[in-house]
Amino acid sequence: MKKIAIAGFGTVGGGIAHLLRDNQKVLADNAGENISLGAILVRTMKADSEFAHLMTTDFTTIEQDEDICLVAEAIGGVDVPFEIACRTLKAGKGFVTANKALVAEKGHILHALAKEHNVPFLFEAAVGGGMPIIRPIRTSLSSTGINYVYGILNATSNFILSEMDKGNTYDQAVKEAQARGYAEADPSADVDGIDSARKLAIILAMITGKKTSPDDIRTVGITALKDTCGGRVKLLARAAVKDDGVHAEVSPVLVDEDSLMTCVKSDRNGIVVRGEGSVETAYFGVGAGAIPTASAVLSDVVEAIRRPVYSDECAWGAEELKVLPWTDSELAEYRS
Ligand code: NDP
Ligand code: HSE
C-alpha cells in the first residue's frame, strides 16, 4: 500500500481524490500496489466533503508523515506551490503537479532538487490537461530531434472560439468556461495567451534542455477577435527550434481547411510534433476539467510508484534559451 497526499482541493485536486476513490483497481493493477489517499492540504477546511477527515491546513503534518511517499499539487500560482515542492522533495517524497506556471518558472530548480534527493518530479497534467504530450516527448520521441511543434494548448480559449462560432457571445462563453472549471483563477491568463505560452515554454525546455521564459514568447490572445471564420481561427502555440535559439509565438491563426487543428474543437487540445527526417506525430485530448486532468496527474502517480526515483529524461537547467522573432518567410514555411 502506498499513501499519497493532495495539495489543493479545487477543480483538479477534487478530481484527483474522486478518481483515486473510483479507480482503485485499475490504479493498483498499473502501479503494482494499492494507492491510498493519506492527506489533503487545504487553505480552508471543507466540512461537508466526504474527504473532510483527510484535510489539514498544516503542510508540516504531510511533510513529516513518513508513510506519505508523494505529494500531488493542484493549488496554482507559483510561490506557495514552490515552497511545498521544495519541502516535499527535500523530505525525500515524489512531487507531481498540474501547475504549468510553477513548472515553467521553477522547473529547472525542481529538477535539480529531485535529482539531488533521487525522487520523482513529474508534470504530465501541466501541458494539455488530459492530452498526453510530456510522456511522449520524454520517452516515445527520445530518438528524434524535434524541430517544430504547433498546437492548441489552451482549452478555455478554444472553447470560447467554438462557442462564438455557434453564435454565443464572448462573455457568455467565458462564464461557461469558468463554470466548467476550465479557466485559470484569473482567466486573462487563458484568453491573453499566457497559459499557452507557459505550456509552450515547458515543451521547449524539454526539447532543448534550456529554460525558456514565457515572457520572451511573443503572445497575442483572442480578446480582440470579432470573427472565428467558420471555426478556422485557432489560438496556436508554435515553435521552430534552430541552432541559435527558437522561433516561438502564441497567436490567433487562420488554419488551413485541411489542418489537423481545424478538428480540435471545444475543450480539446491538439499538438503536432515534427522531428528530424519525416517523423511527425500528433496528440489530441481533453485539455482541461477535473477528471481529464486528474487522470493525467494519476498517471504520474502510477509512474512514480512504479519507478520511485528521479529520471532526467528531458530535464532542463538554468541556461536560458534564446527566443528569436519569426520572419514572414519562416511563418510561410511552417504551415499549420
Ligand atoms: P482551483 O482554483 O479550482 O483550486 C485551487 C485550490 O487550491 C482551491 O481549492 C484553493 O483553496 C486551494 N489553495 C489555494 N491556496 C492554498 C494554500 N495555500 N494551501 C492549500 N490550498 C490552497 O484551481 P484548479 O484546480 O483549476 O487548478 C489547480 C492547478 O491545476 C493550477 O495550477 C492550474 O493551472 C492547473 N490545471 C488546471 C486545470 C483545469 O482544468 N482546471 C487543467 C490543468 C492544470 P480555496 O478553496 O480555499 O480557494
Ligand atoms: N486553464 C487551462 C486551459 C487549464 O484552459 O487550458 C488546463 O491547463
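Every value quoted in this text rests on a predicted model; they were computed, and no experiment measured them.

Turning next to the site of ligand 1. The immediate surroundings of ligand 1 are formed by 23 residues, with Val-12, Arg-43, Lys-100, Glu-184 and Gly-289 found nearest. Between ligand 1 and the protein, one listed contact pairs an oxygen atom with a side-chain N or O atom of Lys-100 at 3.2 Å. Among the detected pockets, ligand 1 sits in the largest pocket. Residues of the shell around ligand 1, tallied by class, amount to ten nonpolar, nine polar and four charged.

Domain parsing of the protein yields domain 1 (2–130 + 290–306) and domain 2 (134–286 + 320–325). Taking only C-alpha atoms into account, the centre of domain 1 sits 25 Å from that of domain 2. The tally of links from domain 1 across to domain 2 stands at six salt bridges. A salt bridge links Arg-135 to Asp-300; the shortest N-O distance between them is 2.6 Å. Here domain 1 and domain 2 share nine residue pairs in polar contact (both at pLDDT 80 or more) between them. Mapped by element, the contributors of at least two residues to the side of domain 1 that touches domain 2 are helix 5 (100–117) and helix 11 (290–306).

Inspection of the region around ligand 2 gives Lys-100, Asn-154, Ala-155, Thr-156, Tyr-182, Ala-183, Glu-184, Asp-190, Asp-195, Lys-199, Gly-287 and Ala-288 as its neighbouring residues. Contacts to ligand 2 include Thr-156, whose side-chain N or O atom sits 2.6 Å from an oxygen atom. Separating a nitrogen atom of ligand 2 from a backbone N or O atom of Tyr-182 is a distance of 2.7 Å. In the complex, the protein chains occlude 94% of the 250 Å² of accessible area that ligand 2 would expose alone. With respect to the pocket detection grid, ligand 2 is positioned in the largest pocket. Every element with two or more residues in the shell around ligand 2 is listed here: helix 7 (155–165) and helix 10 (194–208). Of the residues belonging to the shell around ligand 2, the class tally is four nonpolar, three polar and five charged.

Rules of the game
- Residues numbered from 1 in each chain as written.
- Chains lettered and ligands numbered in written order.
- Predicted model: local features only at pLDDT ≥ 70, side-chain atom pairs only at ≥ 80, totals over all residues.
- Heavy atoms only, no water.
- Near = heavy atom within 4 Å.
- Polar contact = N/O pair within 3.5 Å; in protein donor to acceptor, adjacent residues only side chain to side chain.
- 1 Å grid on protein atoms, 1.4 Å probe; cavity = no way out; pocket = protein on both sides within 12 Å on 5 of 7 lines; lining within 4 Å.
- Sits in = over half its atoms within 2 Å of the grid points.
- Nonpolar A, V, L, I, M, F, W, Y, C, P; charged D, E, K, R; others polar.
- Domains from an automatic or database assignment.
- Salt bridge = Lys/Arg side-chain N within 4 Å of Asp/Glu carboxyl O.
- Helix = DSSP H or I, 4+ residues; strand = E, 2+ residues; numbered from the N terminus.
- Areas by Shrake-Rupley, 256 points an atom, 1.4 Å probe, with all protein chains shown as cover.

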